[in-house]
Amino acid sequence: MSGEASGNFLFGYIRFAHFSAGYVLSIGFLLRIYWALIGNARAMQIFWVPLWRKCFWREVYHEIRWYAFLTVESERSIGHNRLAQLAMFFMFTQTITFMVITGFALYGQGAGTDSWQYKLFGWVFSIWPNSQDVHTWHHLGLWVIVAFALVHIYAVVREDACRAGASLL
Amino acid sequence: MSGATETFYSVIRRQGMTRRSFHKFCSLTAASLGLGPLAASSIANALETKPRLPVIWLHGLECTCCSESFIRSAHPLIKDALLSMISLDYDDTIMAAAGHQAEAILEETRAKYKGRYVLAVEGNPPLNEGGMFCIDGGKPFVEKLRSMAEESMAIIAWGTCASWGCVQAAKPNPTGAAPIDKVITNKPIIKVPGCPPIAEVMSGLVTFITTFGKLPELDRQGRPSMFYSERIHDKCYRRSHFDAGQFVEEWDDEYARKGYCLYKMGCKGPTTYNASSALRWNGGVSFPIQSGHGGFGCSEDGFWDKGSFYDRLTTIKQFGIEENADQIGMAAAGVVGLTVAAHAAITAVKRMTHKPDRAPHKSKPS
């Protein structure tokens, strides 16, 4: 990147894209929470995991066997299967929540201590006084999402392929 | 010891300061505190009329860099005036008295100015082995700190040592060094982090307390907002290169010579709250970024334990080997990717081997 600093704004645009994406994600996530409240029973699945129910774990065990090729039939149900629900809650819902909170906290540092972002999310820096740690965890959060996306998309494609009579395989 | 009615102004006049330089000091301080033009005269008025603020300056586990920074402040008057203001009472590094004489001053101030003196602490107390790693006047420093803090109005924690712990509290912290707010919990504590803190920040703070007779507004982490509300990055003179995407890639490349942004070289400016890009050290001479090196993040919590000074991400030690978030994330994503690929392959093989089972079913009706 050569030339005068006044003639370039590359990193500024990259940051703009990052922040815009963050806002879209946050608003979308709020919408998803709203949907969970007014939607059907399955809309709540990724926010509500009945870990204390025995039948829940029995279904999880069955799904693990299905993914390990130990049983022929998957539990057929509408919405997420129990293993998927578990993954969605711990890998997606919680990670996104974490990313939105730390993202706005870090954004608040740039926006200034008077900004609503800092007022609303500045408490993050009471947990990690040095924001370098928050940067690091925010980075790690992205990699969790990358790993999640890999498994998620694979599971969806595989499910499609196996159910619809081997159309993809 | 001077009388309780002695003012700051009378002290510096006695030391030969002119009224003109006194007013220069007042306006400079008003500006550095971010106050309006009228504040200079109210500072002058306060320093002329209010009784001098007694300050006791203690030294725990430290390197004296705070004092060193302080005596190199931009305006000669700041140093002379404030040093006289402080050393008249107690500062074992630069005071004339020594031994029992010096210790007597502590007791005297403690009794005479009960609840009205400010306790400034440079360094911190080690707590392990009953505090035996720092002996001051024949007693563990932590005892002296506790006894002087008891009767003080407020405590100023000078530097990163007193504010966060700094190098002596870095892992594994064998002496159990702890920042002041971990030891004294019942007094207002103003943290003035930095290794060392900026001289003008230190003098500005003392002047503020003298002028207004109260403590400045503190932020969430106990630092005066007037000096610590913006990151170095927010006021960095290289910021335009950051936004332009112009970075130093190697220490000896063309971009380093052109003075581009040091972000990729691990500059901690974006995560460090300090006034260094605005005020700088040694009388406004320079600060790390101006010298071509990234910021160290010296005014931030645990800055010795955050991995390399040349890396933007904190080293994560929980994984056994020292890795940063990106390396761990990449490895995890790689493992997941390979697992997915392997699983897909097994699925494909399974389906192929199962086909003979299904084929008869399908072919039967035809």
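Just so it is clear, the structure is predicted and the values come from calculations on it, not from any experiment. (Residues numbered from 1 in each chain as written. Chains lettered and ligands numbered in written order. Predicted model: local features only at pLDDT ≥ 70, side-chain atom pairs only at ≥ 80, totals over all residues. Heavy atoms only, no water.)

A. Region of the structure containing the overall build of chain B. Counting secondary structure elements, chain B contains 16 helices and 9 strands. Of all 366 residues assigned to chain B, the portion counted as buried reaches 54%. Of the contacts made within chain B by residues no fewer than 6 positions apart, 71% connect residues no fewer than 24 positions apart. For chain B, the exposed surface amounts to about 16200 Å²; the carbon and sulfur share of it is 57%. (Helix = DSSP H or I, 4+ residues; strand = E, 2+ residues; numbered from the N terminus. Buried < 20%, exposed > 50% of the residue type's maximum accessible area, 1.4 Å probe, protein only. Contact = heavy atoms within 4.5 Å. Areas by Shrake-Rupley, 256 points an atom, 1.4 Å probe, with all protein chains shown as cover.)

B. How the structure looks around the nonpolar core. Residue and element names in this part refer to chain B. Core analysis: the biggest nonpolar cluster contains 45 residues, and Phe-22, Ile-156, Trp-158 and Val-192 have the highest contact counts within it. If you tally residues by element for this core, the top one is helix 10 (residues 199–212), at 6 residues. The residue makeup of this core includes at least three contributed by each of domain 1 (8–228) and domain 2 (232–312). For Ile-156, the contacting residues outside a window of four places in its chain are Val-118, Leu-119, Ala-120, Val-121, Ile-190, Val-192, Leu-205, Val-206 and Ile-209. Within the second largest apolar cluster, 29 residues are counted, among which are Ile-56, Ala-102, Cys-134 and Ile-189. (Core = buried A, V, L, I, M, F, W, Y, C linked by side-chain atoms within 4.5 Å. Domains from an automatic or database assignment.)

C. A look at the pattern of salt bridges. The tally for this structure, following the rule as stated, stands at 14 salt bridges over all chains. Of the charged contacts in the structure, one is a salt bridge between A:Glu59 and A:Arg82, with a shortest N-O distance of 3.3 Å. You can see A:Glu59 sitting in helix 2 (residues 54–67) and its partner A:Arg82 sitting in helix 3 (residues 82–111), a full 23 residues away along the chain. Taking the shortest distance from any N to any O, the salt bridge between B:Glu103 and B:Lys144 comes out at 3.6 Å. On the criterion of sequence distance, the pair formed by B:Glu103 in helix 6 (residues 99–112) and B:Lys144 in helix 7 (residues 141–150) is long-range, its members being 41 residues apart. Given the relative accessible area of 4%, B:Lys144 is considered buried. Look at the salt bridges and you will find they share partners, linking B:Glu103, B:Asp136 and B:Lys144 into a network. (Salt bridge = Lys/Arg side-chain N within 4 Å of Asp/Glu carboxyl O.)

D. Broad picture of the sheet that holds strand 1 (residues 55–59) of chain B. All names here are of chain B. Across the sheet, 5 strands lie side by side as 2-1-3-6-7; this open sheet has parallel pairing. Strand pairing shows two members of the sheet lacking a second neighbour, strand 2 (90–91) and strand 7 (189–192), which therefore form its edges. Judged from the 4 bridges that link them, strand 6 (residues 154–158) and strand 7 form a sheet pairing that is parallel. In the sheet register, Trp-158 faces strand 7, and the bridge partner there is Val-192. (Pairing = 2+ DSSP bridges.)

E. Representation of the layout of surface pockets within the structure. In this structure, the largest pocket spans a volume of roughly 1300 Å³. Together, 37 residues line the largest pocket, and A:His18, A:Phe19, A:Leu106, A:His135 and A:His138 are the ones closest to its centre. Looking at the lining of the largest pocket, the elements with two or more residues in it are helix 1 (10–38), helix 3 and helix 6 (131–163) of chain A together with helix 12 (232–235) and helix 13 (239–244) of chain B. (1 Å grid on protein atoms, 1.4 Å probe; cavity = no way out; pocket = protein on both sides within 12 Å on 5 of 7 lines; lining within 4 Å. Points joined across faces, edges and corners; volume = space filled by probe spheres on them.)

F. Local environment of empty space enclosed by the protein. In total, this model carries 3 cavities of 30 Å³ or more according to the counting rule given. Reported here for the largest cavity is a volume of approximately 100 Å³. Of all the elements in the fold, those that place two or more residues in the lining of the largest cavity are helix 12 and helix 13 of chain B. Residues that form the lining of the largest cavity fall into these classes: 9 nonpolar, 2 polar and 2 charged. Lining the second largest cavity are 13 residues; nearest its centre among them are A:Asn130, A:Gln132, B:Lys268, B:Phe296 and B:Phe303. When the residues that make up the lining of the second largest cavity are grouped by side-chain class, the tally is 3 nonpolar, 7 polar and 3 charged. (Nonpolar A, V, L, I, M, F, W, Y, C, P; charged D, E, K, R; others polar.)

G. Structural view of the pairing of strand 3 (residues 118–122) of chain B. All names here are of chain B. Here strand 3 lies mainly inside the structure; 5 of its 5 residues are buried. Of the two faces of strand 3, the one carrying Val-118, Ala-120 and Glu-122 and the one carrying Leu-119 and Val-121 are both buried. One ladder, built from 5 bridges, connects strand 3 with strand 6; its direction is parallel. For Ala-120, the partnering residue across the bridge sits in strand 6 and is Ile-156.

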